[in-house]
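These are the residues of each chain, in order.
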Amino acid sequence: MKYLSTLLLAVAASSLTAQTLSQTSAKLPWIPYGPGGGDARALVTDPSDHNHLYLGTAFGALYESHDGGRKWERLGQIDKRDDLALDNILVDPAEPKHMVLGAWVLGKTDGGIYVSHDAGKTWAANPQMAGHSIRALSMASSEPKTMIAGALDGVYRSTDNGESWNRISPMENQEIHEVESVAIDPKDPKTIYAGTWHLPWKTTDGGANWTKMTQGIIDDSDVFSIIVDPVNESNVYLSACSGIYRSTNKGASFTKVQGIPASARRTRVLMEDAKQPNVVFAGTTEGIWRTENAGQAFQRNGDAAWIVNDVNIDPTDSNRVLLATDRHGVLLSTDGGRSFAQSNDGFSTRQITAMMQDAKNPQQLYVGVLNDKTAGGVFMSSDGGQHWQQRSAGLNGADVLALAQTPQGTLLAGTAHGIFRMEGDTWKPSGMTLPLQPEPIPPKTIKRGRKVITVQVKQPKPKPAIETASRVDAFTATDKTMIATSEDGVVESIDDGHNWKHVRTAAGMPFRSVAAQGERVLAAATNQVLLSTDGGENFRTVSLPNGLTAISATAVDNTGRMWVGGREGVYYSQDDGASWQVHKDMFVPNVNALYFDGARSRLLVTSNGPDTLVFALNTQDMKVTHWDAGWILRQVRPVGDRLAGATSYEGVVLQPRVDGEDVAMTEKK
């Protein structure tokens, strides 16, 4: 409680120093601007408006579109959590503002069911289902108030529009659990299908009795998706880790569908075209497959690299097909699913790990992306973050952890597999690193009578430069030198990033952050700080601030002050680390990034929350201002006359202008 009280008092004190900002600017949430794409999990159409779509993500955010999926707007965060996977969304056909959503948490038996009565703007957790990992959700077309939920601990049913739930799978059954998929007979709501991590099950009496469906299905098959033909309920499809199966007798027996190779048989979703029952889509971990003859033969359309999580077919136009995918976001087809193009305007679940402003063009911004393989890498915007182009040729799907520009203007990328250098429009490995050389052996002195003779000793053979793939987390630049932190020390380059050498006095341990101003360079590992005053040639150890348990960020400003940040806050030294202080108006816990903005002589500070504040400290008068970004940010950078921030899971957000178009857009949202 004492820690919390101190934090509240400090934040209140710091807010009093923000007089240079208008109250409007300080409180407006920052505006998401991409890069478009990332992980999309679920798509659903509003029954009252075929152009109104909802989109669920893996990070608790919900989006909507009013033009058939061409443009997206963020509705909000479910339960203020960023760990909820939103794989299942239902819209009440009788009252479209009423929605029910199922969520689960990766790696945990957690999740729940959430209900909205205002078209997804606000949500309330259903108390009965709190903590249940909801993997499947379906609504009975013949009786929309009846819903079925599949959870890790069984099958649940609601008969009152999702307000109350009861378990209908028997407690004593040792197999009807880990329910990954559910489906309801279109004419009989008591006939329910449930796919588990082992095999599918069926009940015809609302859950009183269950029958295992095994005829024709390979034993121990995870059942990812089940669909029932809305016209002929005898036709049932299911997808499993062993392939796709079709039944023509309501699941009494199944036949394995041919045409999809074994490498793509992890079919995550099946979707039948209601207007053309013979047309079925199979979304797999190796692309989208389509059949026109009820599953007798499938053909893959598009890229085999697509991992498809959901398929949505416009109920009024079979030519309009949308895919929710990992990494590539939303894909749109206007020719019945034969070809697709990205449709991510306004939608981004990119994990931004690096940001850099071009030294000559303040409107040009580069960002690095994590976990998106060939769909990620580096993105560039030439208009302050409003539009983006991928610039990842040559990275081969490497995660980008740091970005920098050499004094000569060359772009460098630090990745989990070494350093890359931009040459033309292609990234090329720049990992020729001279290993730490053996210490020179001093000459020997030999006494012969009254004479002392110096004898030169054979020196160890120099180690040649080698291609290294060591993880690189940060860059900084002096007037002539590029410096990078790696898993095995600090390396520097004096030839525009072509070749690198280890700094002897900063070798042998993983360094995570580095910053420089002039000849002063500050490098840090988790619990060690090193200072150089000769441009990075030599480093010496500096004592840690008292009370700081781990360092997460460093900075050097234009007055010579050194800054470090961590869980306990921000500390600065004016005497090269002999002593450390805390600014009385800027107590910021859980610091994740520090950045010195030389053009405006200010230190920018972000943290991992719980607050969503961004701080700026003027290094000339030491006054503090702050903004409430509305997002927890990993780092911020100046872009023209405002700031851009990197969110944890939803791309880049831009600080709104007080009297410009951006504010109007924010208020509209």
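Residues numbered from 1 in each chain as written. Predicted model: local features only at pLDDT ≥ 70, side-chain atom pairs only at ≥ 80, totals over all residues. Heavy atoms only, no water.

*Asks:* Got a sec to walk through the overall build of the protein? Specific residues and values, please.
*Replies:* Secondary structure summary: the protein contains 3 helices and 59 strands in total. Expressed as lengths along the three principal axes of its C-alpha atoms, the size of the protein is roughly 110 × 65 × 50 Å. Put simply, 46% of the contacts in the protein that link residues at least 6 apart link residues at least 24 apart. Element-wise, carbon and sulfur atoms account for 49% of the exposed surface of the protein, whose accessible area totals about 28,400 Å². Each charge sign in the protein was given a centre, from 64 positive and 74 negative side chains, and these centres are 9 Å apart. (Helix = DSSP H or I, 4+ residues; strand = E, 2+ residues; numbered from the N terminus. Contact = heavy atoms within 4.5 Å. Areas by Shrake-Rupley, 256 points an atom, 1.4 Å probe, with all protein chains shown as cover. Lys, Arg positive; Asp, Glu negative; His and termini not counted. Charge placed at Lys NZ, Arg CZ, Asp CG, Glu CD.)

*Asks:* Mind laying out the sheet that holds strand β49 (residues 540-542), listing which residues take part and the relevant values?
*Replies:* In spatial order, the strands read β46-β47-β48-β49; together these 4 strands make up an open sheet with antiparallel pairing. At either end of the open sheet lies a strand with only one pairing partner, and these are β46 (513-517) and β49. Ignoring which end each strand starts from, the neighbouring axes of this sheet average 25 degrees apart. The sheet contact formed by strand β48 (residues 528-532) and β49 spans 3 bridges and is antiparallel. Considered in β49, the bridge of Leu 531 is made with Arg 540. (Pairing = 2+ DSSP bridges. Axes fitted to C-alpha atoms, helices over the stretch in contact; angles between N-to-C directions.)

*Asks:* Describe the pattern of salt bridges, listing the residues and the values that go with them.
*Replies:* This structure, assessed with the given rule, holds 28 salt bridges. Put simply, Glu 175 and Lys 212 hold a salt bridge, and the shortest N to O gap is 2.9 Å. Pair noted here: Glu 175 is in the loop between β13 (166-167) and β14 (179-184) and Lys 212 is in strand β17 (residues 211-212), with a separation of 37 residues, a long-range link. On the basis of relative accessible area, Lys 212 is assigned to the partly exposed category, the value being 29%. Ionic contacts of the salt-bridge type, sharing partners, join the residues Arg 41, Asp 87, Arg 268 and Asp 326 into one network. (Salt bridge = Lys/Arg side-chain N within 4 Å of Asp/Glu carboxyl O. Buried < 20%, exposed > 50% of the residue type's maximum accessible area, 1.4 Å probe, protein only.)

*Asks:* Which residues make up the packing of aromatic side chains, and what are the values?
*Replies:* For the coordinates displayed, the defined rule picks out 5 aromatic pairs. On the basis of an interplanar angle of 35 degrees and a centroid distance of 4.9 Å, the ring pair of Trp 563 and Tyr 572 is categorised as tilted. Each member of the pair Trp 563 and Tyr 572 is classed as buried. The ring of Trp 104 is capped by Arg 135, whose NZ or CZ atom sits 4.0 Å from the centre of that ring. (Phe/Tyr/Trp six-rings, centres within 6.5 Å; stacked < 30°, edge-to-face > 60°. Lys NZ or Arg CZ within 6 Å of the ring centre and 35° of its normal.)

*Asks:* Can you lay out the nonpolar core for me, pointing to particular residues and giving the numbers?
*Replies:* Ranked by size, the top nonpolar core spans 17 residues in total, and within it Tyr 54 and Leu 101 carry the most contacts. When residues of this core are traced back to their parent elements, those giving at least two are β2 (42-46), β6 (84-91) and β7 (99-105). Each residue touching Leu 101, except ones within four places of it in the same chain, is listed here: Leu 62, Ile 78, Leu 86, Asn 88, Ile 89, Gly 112, Ile 113, Tyr 114, Trp 123 and Leu 137. Judged by nonpolar contacts, the second largest core, of 16 residues, contains Ala 553, Val 570, Val 591 and Leu 617. (Core = buried A, V, L, I, M, F, W, Y, C linked by side-chain atoms within 4.5 Å.)

*Asks:* With reference to specific residues and values, describe the sheet that holds strand β54 (residues 602-607).
*Replies:* Read from one edge to the other, the open sheet built from 4 strands follows the order β53-β54-β55-β56, with strand pairing classed as antiparallel. Strand pairing shows two members of the sheet lacking a second neighbour, β53 (591-597) and β56 (624-628), which therefore form its edges. On average, each strand axis in the sheet is tilted by 20 degrees relative to the strand beside it, whichever way the strands run. With 5 bridges connecting them, strand β55 (residues 613-618) and β56 associate as antiparallel partners. Within the sheet, the bridge partner assigned to Leu 617 lies in β56 and is Val 624.

*Asks:* Please set out the pairing of strand β52 (residues 569-573) residue by residue, giving values where relevant.
*Replies:* For β52, the buried fraction is high: 5 of the 5 residues fall into the buried class. Pairing analysis gives 5 bridges linking strand β51 (residues 562-566) to β52, with the strands arranged antiparallel. In the sheet register, Trp 563 faces β52, and the bridge partner there is Tyr 572. Two successive antiparallel strands, β51 and β52, enclose a turn made up of 2 residues.

*Asks:* Hey, could you go over the environment of Ser 181 for me, with residue numbers and the actual values?
*Replies:* Tracing the sequence through the fold places Ser 181 in strand β14. For the pair Ser 181 and Ile 134, spaced 47 residues apart in the sequence, the C-alpha separation amounts to 9.9 Å. With near-sequence residues (within four places) excluded, Ser 181 lies in contact with Ala 136, Tyr 193, Ala 194, Gly 195, Val 223, Phe 224, Ser 225 and Ile 226. There is a polar contact of 3.1 Å between the side chain of Ser 181 and the backbone oxygen of Val 223. (Polar contact = N/O pair within 3.5 Å; in protein donor to acceptor, adjacent residues only side chain to side chain.)

*Asks:* Kindly report on the side chain of Thr 57, identifying the contributing residues and their values.
*Replies:* One can find Thr 57 in the loop between β3 (49-56) and β4 (61-65). Polar side-chain contacts of Thr 57 include one of 3.2 Å to the backbone nitrogen of Phe 59. Of the polar contacts made by the side chain of Thr 57, one reaches the backbone oxygen of Ala 61; its length is 2.9 Å.

*Asks:* Would you mind going over the environment of Gly 547 in detail, with residue names and values included?
*Replies:* One can find Gly 547 in the loop between β49 and β50 (551-556). Taking the relative accessible area as the measure of exposure, Gly 547 reaches 52% and is therefore exposed. Here the alpha-carbon distance between Gly 547 and Met 171, two residues 376 residues apart in the chain, equals 52 Å. What Gly 547 contacts, discounting residues up to four positions off in sequence, is Glu 568 and Tyr 571.

*Asks:* Residues and numbers for the pairing of strand β10 (residues 134-139), please.
*Replies:* Summarising burial for β10: 6 of the 6 residues are buried, a large majority. The sheet contact formed by β10 and strand β11 (residues 147-151) spans 5 bridges and is antiparallel. The residue of β11 that forms the bridge with Ser 138 is Ile 148.

*Asks:* Tell me about the confidence of the model for the protein, and please be specific about residues and values.
*Replies:* The pLDDT averaged across the protein works out to 90; a share of 93% of its residues lies at or above 70. A low-confidence stretch, residues 660-669 stays under pLDDT 50, and its non-local contacts, those more than four residues away or across chains, total 16 contacts. (pLDDT = per-residue confidence, 0-100.)

*Asks:* Which residues make up the environment of Arg 70, and what are the values?
*Replies:* By the element assignment, Arg 70 lies in the loop between β4 and β5 (73-77). Along the chain, Arg 70 and Asn 344 lie 274 residues apart, while their C-alpha atoms are 7.2 Å from each other. Sequence-distant contacts of Arg 70, that is, excluding residues within four places in its chain, are made with Ser 65, Arg 320, Leu 332, Thr 334, Ser 343 and Asp 345.

*Asks:* Lay out unusual backbone geometry in plain terms, naming residues and giving numbers.
*Replies:* With an omega dihedral of 5 degrees, the bond running from Gly 34 to Pro 35 counts as a cis peptide bond. Secondary-structure assignment places Pro 35 in the loop between β1 (31-32) and β2. The backbone of Asn 371 shows a phi angle near 70 degrees, a positive value even though the residue is not glycine. Structurally, Asn 371 is set in the loop between β31 (365-370) and β32 (378-381). In this structure Asn 371 comes out as partly exposed when scored by relative accessible area, which is 42%. With phi around 50 degrees, Lys 373 is a residue other than glycine that occupies positive phi space. Counting through the fold element by element, Lys 373 comes out in the loop between β31 and β32.

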